[in-house]
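Per-entry structural report
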Amino acid sequence: MTTTAVRARTEATAGRLPGAWVLGLHRGALEIRQFFRQRDQVVFTFAFPVVFLFLFASIFHDAVRGAGVTASQLYVPAMMASGIMSTSFQSLGISIAVERDEKVLRRLRGTPMPPTAYFLGKIWLVLFTGVLETAILLLAGTTVYGVDLPSDAGRWFDFGWIFVLGLTACALLGIAISSVPRSAKSASSVVVLPFLVLQFVSGVYISVNSIPDWMLNLGALFPLKWLCQGLRGVFLPDSAKVLEQAGSWEFGRIALVLAAWCVGGLALCLLTFRWKDRRQG
Amino acid sequence: MTTDANGLAVDVRGLRKQYGDVTAVDGIDLEIRRGEVFGLLGPNGAGKTTTVEILQGNRDRDGGEVSVLGADPASATRAWRSKVGIVWQDESAPAELTVRETVRHFARYYPRPRDPEQVIGLVGLGAKADSRIKGLSGGQRRRLDVALGVIGDPELLLLDEPTTGFDPAARRRFWELIRTLADEGTTILLTTHYLEEAEELADRLAVVAKGRVVAEGTAAALRDRFGSEAIVEWTEADGRPRRERTGTPTRTVTELAGRFDEIPGLRISRPTLEDVYLRLTGQENAR
């Protein structure tokens, strides 16, 4: 090999590196495409809340005494909260653990892709699937189970920030928990078990007025309980407040807890996120 | 030529890496010139992969100076990463995407990528461009990995045992690809434990064993330096095969010619690179 065969590289290296925002958009499109091609993922994170809404809201449909709502109506905001957590926490927790185990993350780290673009891509995926999931559940809730859409703008505003804060907090927790499983195979159980337990103690499957206080207090440490409560406040009539632990919707406290989880979750991610597992260096 | 003054793409001095009590790399020096194909040869566990991972910027080192394209890989920038192509020992592409989608997407990460279609053709995946990655064979996945390694048009390509698990025909095709890239001026560092591969591709090679470089040079120079003796083989009159290692094979043959009319089963051979390699890496008894 003579030196004359070496290409003039000065020009080739002068090109500009593509920006994180644009790459984030491309990654988002790719993430969404990948998500919907993985049938088991779609069933697991996307179809579960819809199926559960249908089951629970059809089995339990009696009027709840003194609350002015039916059991079916209670299940609609509960499953919406569960769907938000499923498309963020569960989806990211499992998929990032798998990508780490299968060395997709290491491969990305070996390219000039800015790390921000990866996370932007995940945000787009979570937003897209979260909005779609919520829309499907809301459509089912209003058409089949007699939930009324809020008529005043204030409630829609509440819905907006509850959705955004809840989705963000759960997504950050999902990214954080993705570092826990040691392999792709164990990812589902490591992520799904705590999620399942949380759903029981946060009032998703079982109405908050029938859960023991100590369990509710445990659930209150995590975002899902507050997400459920906030969505009930948005989509149920005020008469249903009597079922709440505090006897009110507590929007202020919900905002505080969810925002605190966003900050705490971000800190947790920054501290624990790894592009490689230990074996990969 | 851009970053460095001395014309070296890779300059490593006294590289060291420990894993607990095990010393994986024990003072390796390497100099790889720009435009060169350099082979890092050694048995499993010799420290090849660790060395390459440090050069990639994917592993910390415990000691030594490392300069890759004029920069320390431990503090790799995006600009630096865009000039270094990596092909890992094990494949790692997203299974649900097609070959074309993946190559096109990775091209976006680089300031001046190669044409994705051309790269897909270069690695011989043209017919599989629209197949999902999960449906590819092992050899096809390795070729996709190579495609992703070269899509950014790197100045330096680091290949860690790229042909492990290839069938002979796929290996030949892969060699062609490496030659094409080398002819275009890409500097290539390739680790392998296939002698034939190193001899076929590398301008120069270094033999590593137990974390150290035990020999370095062109394949021919290594053979001459470490294997100047010839082996003369023949069959005795009583049918016993004989084998003699000698520095003066002509004399041996002349002497034999006096005893036989036609020397039965005569064979004179120089040690192969493999013989030299096995002796250098202390695996001589493996034969």
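Since we're looking at a predicted model, the values are computed, not measured.

**A short note on the environment of Leu205(B)**
Residue and element names in this part refer to chain B. Within the fold, leucine 205 resides in strand E8 (residues 204-209). The exposure class assigned to leucine 205 is buried, which follows from its relative accessible area of 0%. A C-alpha to C-alpha distance of 5.8 Å links leucine 205 and leucine 40, two positions 165 residues apart in sequence.

**What to know about the domain arrangement of chain B**
When the domains of chain B are assigned, the result is domain 1 (34-49 + 73-223) and domain 2 (228-270). The C-alpha-based centres of domain 1 of chain B and domain 2 of chain B are spaced at 44 Å.

**Some remarks on the UniProt feature "transmembrane region" (unreviewed entry) in chain A**
Residue and element names in this part refer to chain A. Listed under "transmembrane region" (unreviewed entry) in the UniProt record, and renumbered for this structure, are residues 42-61, 73-98, 119-147, 159-178, 190-208 and 251-273. Along residues 190-208, the helical share is 63% and the strand share 0%, with 26 Å between the first and last C-alpha atoms. Helix makes up 96% of residues 251-273 and strand 0%, whereas the separation of the span's terminal C-alpha atoms amounts to 32 Å.

**Here's the deal with the confidence of the model for chain A**
Residues and elements named next belong to chain A. Model confidence for chain A is summarised by a mean pLDDT of 90, while 94% of its residues fall at 70 or above. Mean pLDDT across the elements of chain A ranges from a minimum in strand E1 (residues 63-64), with 88, to a maximum in helix H9 (residues 223-235), with 96. Note that pLDDT drops below 50 for residues 1-13; the model gives that stretch 29 contacts with residues more than four away or on any other chain.

**Re the nonpolar core**
Counting residues in each nonpolar core, the largest one holds 108 residues, and the members touching the most others are Leu224(A) and Ile188(B). Those residues in contact with Leu224(A) that lie beyond four places of it in its chain are Ala81(A), Ser82(A), Met85(A), Phe195(A), Leu198(A), Gln199(A), Ser202(A) and Val204(A). The next biggest cluster of nonpolar side chains, apart from the first, holds 27 residues, and it includes Leu30(B), Ile54(B), Val84(B) and Ala206(B).

**Things to note about the sheet that holds strand E11 (residues 241-246) of chain B**
Residue and element names in this part refer to chain B. One open sheet holds the three strands; their spatial order is E11-E10-E12, and the pairing between them is antiparallel. The two strands at the open ends of the sheet, each matched to only one other strand, are E11 and strand E12 (267-269). Shown here is a sheet whose adjacent strand axes are inclined to one another by a mean of 15°, direction ignored. As judged from the six bridges shared by strand E10 (residues 230-235) and E11, these two strands associate in the antiparallel manner. Paired with valine 232 across the strands is glutamate 244, a residue of E11. Helix H9 (residues 249-259) contacts E10, E11 and E12 of the sheet and is inclined by roughly 15° relative to E10.

**Focus: the sheet that holds strand E3 (residues 37-41) of chain B**
Residues and elements named next belong to chain B. As summarised here, the arrangement of the six strands in space is E5-E6-E7-E3-E8-E9, forming an open sheet in which the pairing is mixed. Each of the sheet's edge strands pairs with one partner strand only, and the pair in question is strand E5 (84-87) and strand E9 (212-217). Direction aside, the axes of adjacent strands within the sheet are offset by 15° on average. Across the sheet, helix H1 (residues 48-56) lies against E3, E5, strand E6 (156-160), strand E7 (187-192) and E8, angled at about 150° from E7, the strand it touches most.

**Here we look at the interface of chain A and chain B**
Contacts between the two partners involve 38 residues from chain A, matched on the other side by 45 residues from chain B. There are 11 residue pairs in polar contact (both at pLDDT 80 or more) connecting chain A and chain B. Elements with a contribution of two residues or more to the side of chain A that touches chain B: helix H1 (20-37) and helix H4 (104-109) of chain A. Broken down by element, the residue count for the side of chain A that touches chain B peaks at seven residues, all from H1(A). Taken together, the residues of the side of chain A that touches chain B sort by class into 13 nonpolar, 11 polar and 14 charged.

**Considerations on helix H2 (residues 39-59) of chain A**
All names here are of chain A. Taking the largest bend as the criterion, H2 deviates by roughly 50°, centred on alanine 47, and proline proline 49 comes between one and four positions later. Three or more residues of H2 are buried, namely Gln41, Val42, Thr45, Phe46, Pro49, Leu53, Phe56 and Ala57. Elements in contact with the buried residues of H2: H1, helix H3 (71-101) and helix H5 (115-143).

Rules behind the numbers
The residue numbering used here restarts from 1 in each chain and proceeds along that chain's sequence as written. Here every chain gets a letter starting at A, and every ligand a number starting at 1, in the order they are written. Totals for whole chains, interfaces and linings use all residues, but because this is a predicted model, local features are given only for residues with pLDDT of at least 70 and pairs of side-chain atoms are given and counted only at 80 or more. Based on all heavy atoms of the structure, the side-chain values leave hydrogens and waters out of the count. Here a helix means four or more residues in a row that DSSP labels H or I, a strand means two or more in a row labelled E, and each is numbered from the N terminus. Relative accessible area decides the class of each residue, using a 1.4 Å probe on protein chains only: under 20% of the type maximum gives buried, over 50% gives exposed, and in between gives partly exposed. Domains are outlined according to an automatic or database domain assignment. UniProt positions are given in the numbering used here, feature names are shortened, and annotations may be inferred rather than shown by experiment. pLDDT measures how confident the predictor is about each residue, on a scale from 0 to 100. Pairs of residues are marked as contacts when any of their non-hydrogen atoms sit within 4.5 Å. Put simply, buried Ala, Val, Leu, Ile, Met, Phe, Trp, Tyr and Cys residues joined by side-chain atoms within 4.5 Å make one nonpolar core. Whether two strands pair depends on DSSP finding at least two bridges between them. Angles shown run from 0 to 180 degrees and are taken between the N-to-C directions of axes, each axis being a line fitted to C-alpha atoms and, for helices, limited to the stretch in contact. Each polar contact in these results corresponds to two N or O atoms within 3.5 Å; when the atoms are within protein, one needs to be able to donate a hydrogen and the other to accept it, and residues that are neighboring in sequence are counted only if both atoms are side-chain atoms. Ten residue types, Ala, Val, Leu, Ile, Met, Phe, Trp, Tyr, Cys and Pro, are classed as nonpolar, four, Asp, Glu, Lys and Arg, as charged, and the remainder, Gly among them, as polar. Fitting axes to the seven residues that end at a residue and to the seven that start at it, the angle between those axes gives the bend at that residue.

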